[in-house]
Amino acid sequence: MTISCFVYYRVLPDHVAEATRAARQMVEQMRAVTGVNGQLMTKVNEPLLWMEIYDDIGDQAAFLSAMQ
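This text gives an overview of the structure that appears in the document. The structure presented is a predicted model; accordingly, all values stated were derived computationally and were not measured. (Residues numbered from 1 in each chain as written. Predicted model: local features only at pLDDT ≥ 70, side-chain atom pairs only at ≥ 80, totals over all residues. Heavy atoms only, no water.)

Some thoughts on the packing of aromatic side chains
Phase 1: According to the stated counting rule, one finds two aromatic pairs in the structure shown.
Phase 2: Arranged with centres 6.2 Å apart and planes meeting at 55 degrees, the rings of Tyr 9 and Trp 50 form a pair that is tilted. On the criterion of sequence distance, the pair formed by Tyr 9 in strand β1 (residues 3-10) and Trp 50 in strand β3 (residues 46-57) is long-range, its members being 41 residues apart.
Phase 3: Since its relative accessible area comes to 23%, Tyr 9 is described here as partly exposed.
Phase 4: We classify Trp 50 as buried; its relative accessible area is 5%. (Phe/Tyr/Trp six-rings, centres within 6.5 Å; stacked < 30°, edge-to-face > 60°. Helix = DSSP H or I, 4+ residues; strand = E, 2+ residues; numbered from the N terminus. Buried < 20%, exposed > 50% of the residue type's maximum accessible area, 1.4 Å probe, protein only.)

Points about the side chain of Glu 52
Phase 1: Mapped onto the secondary structure, Glu 52 falls in strand β3.
Phase 2: In this structure, Glu 52 is buried with no salt-bridge partner, the nearest side chain bearing the opposite charge being Arg 24 at 11 Å.
Phase 3: At 2.8 Å, the side chain of Glu 52 forms a polar contact with the side chain of Tyr 9.
Phase 4: With near-sequence residues (within four places) excluded, Glu 52 lies in contact with Cys 5, Phe 6, Val 7, Tyr 9, Ala 23, Met 26, Val 27, Gln 39 and Leu 40. (Lys, Arg positive; Asp, Glu negative; His and termini not counted. Salt bridge = Lys/Arg side-chain N within 4 Å of Asp/Glu carboxyl O. Polar contact = N/O pair within 3.5 Å; in protein donor to acceptor, adjacent residues only side chain to side chain. Contact = heavy atoms within 4.5 Å.)

What to know about the pattern of salt bridges
Phase 1: Summed over all chains, the structure comprises three salt bridges.
Phase 2: Linking Glu 46 and Arg 10 is a salt bridge whose minimum nitrogen-to-oxygen distance equals 2.6 Å. Taken together, the positions of Glu 46 in strand β3 and Arg 10 in strand β1 put the pair 36 residues apart, joining distant regions of the chain.
Phase 3: Take Glu 46: its relative accessible area is 28%, and that puts it in the partly exposed class.
Phase 4: Residue Arg 10 is classed as exposed on the basis of its relative accessible area, which comes to 58%.
Phase 5: Between Lys 43 and Glu 46 there is a salt bridge; the shortest N-O distance is 3.4 Å.
Phase 6: The exposure class of Lys 43 is partly exposed, given its relative accessible area of 45%.
Phase 7: Sharing partners across several salt bridges, the network here consists of Arg 10, Lys 43 and Glu 46.

Right under this line is the structure:
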């Protein structure tokens, strides 16, 4: 059985560029380390509410360890 992981957070308006780089780097690093592809999304009417989505996680413990 696989699971999905959803990580929600708010970004400060003055830090959008920095946060975008960091979030994209995190998604790429998680793919490299765990093989799980992630997506970076924002809420439609709340552009400072972001979410990373990771689907089809087979080894939950290894994924969460890498996430830390």
